[in-house]
Amino acid sequence: CGGLTDNAIPCPIVNQGVVHCMTGYQGFSLLALPLNARGDLTGTDKVLWSKKRGTPYIPSPLLHGGLLYYSQSNQALLSVTNAKTGETHIDRERLTGLANVYSSPVAAAGRVYLTARNGTTLVLQHGKQLKPLATNRLNDRLDASPALAGNQLFLRGRQFLYCLAEE
């Protein structure tokens, strides 16, 4: 299926027989494609839905609770879309405190974690509205995606590996 831009870096998301593919280099594209389709789907009604703005260049999207979370290019502009219908709930909302997002978002316990290169992690409540819960800053550059294990959040910075946990 044609329609993605060059240099496809974000990982596709597969859910309930549908693959969501995104690119955000020199243009924007999101395609929701049925996994059981055959042949060239370009320009056909087999494409379930698509978007032409707000998609990521480097970060992979997050699918959590039926919602796709993704940033525009490498910017701190968040979109949240219903994975099944393509309905946009949040459209390129600026995330205060974040700058240059290379890492992919992660989610746990009803929260979404977005980390930026400036060392800031924004914690949002999972849902269809933008509800910041906390902003945390480390004095380090963060390019890698956060990793979750049990009640621990791992952040790999340029200088250190951080482990944040409840005691």
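Residues numbered from 1 in each chain as written. Predicted model: local features only at pLDDT ≥ 70, side-chain atom pairs only at ≥ 80, totals over all residues. Heavy atoms only, no water.

1. A look at the sheet that holds strand E15 (residues 161-165)
For step 1, the next point in the chain: If you walk across this open sheet you meet the three strands as E13-E14-E15, and the pairing is antiparallel. Bordering the open sheet on either side are strand E13 (147-149) and E15, each of which pairs with just one other strand. Averaged over all pairs of adjacent strands, the angle between strand axes in this sheet comes to 25°, irrespective of strand direction. (Pairing = 2+ DSSP bridges. Helix = DSSP H or I, 4+ residues; strand = E, 2+ residues; numbered from the N terminus. Axes fitted to C-alpha atoms, helices over the stretch in contact; angles between N-to-C directions.)

2. Here's the deal with the sheet that holds strand E6 (residues 67-71)
For step 1, the next point in the chain: The four strands lie next to each other as E5-E6-E7-E8, forming an open sheet whose pairing is antiparallel. The sheet is open, and its two edges are formed by strand E5 (62-64) and strand E8 (88-94), each paired on a single side. For this sheet, the mean angle separating the axes of adjacent strands, direction not counted, is 15°.
For step 2, the next point in the chain: Two strands pair when backbone bridges link them, and strand E7 (residues 77-82) and E8 are joined in this way by four bridges, in the antiparallel orientation. Paired with Val80 across the bridge in E8 is Ile90.

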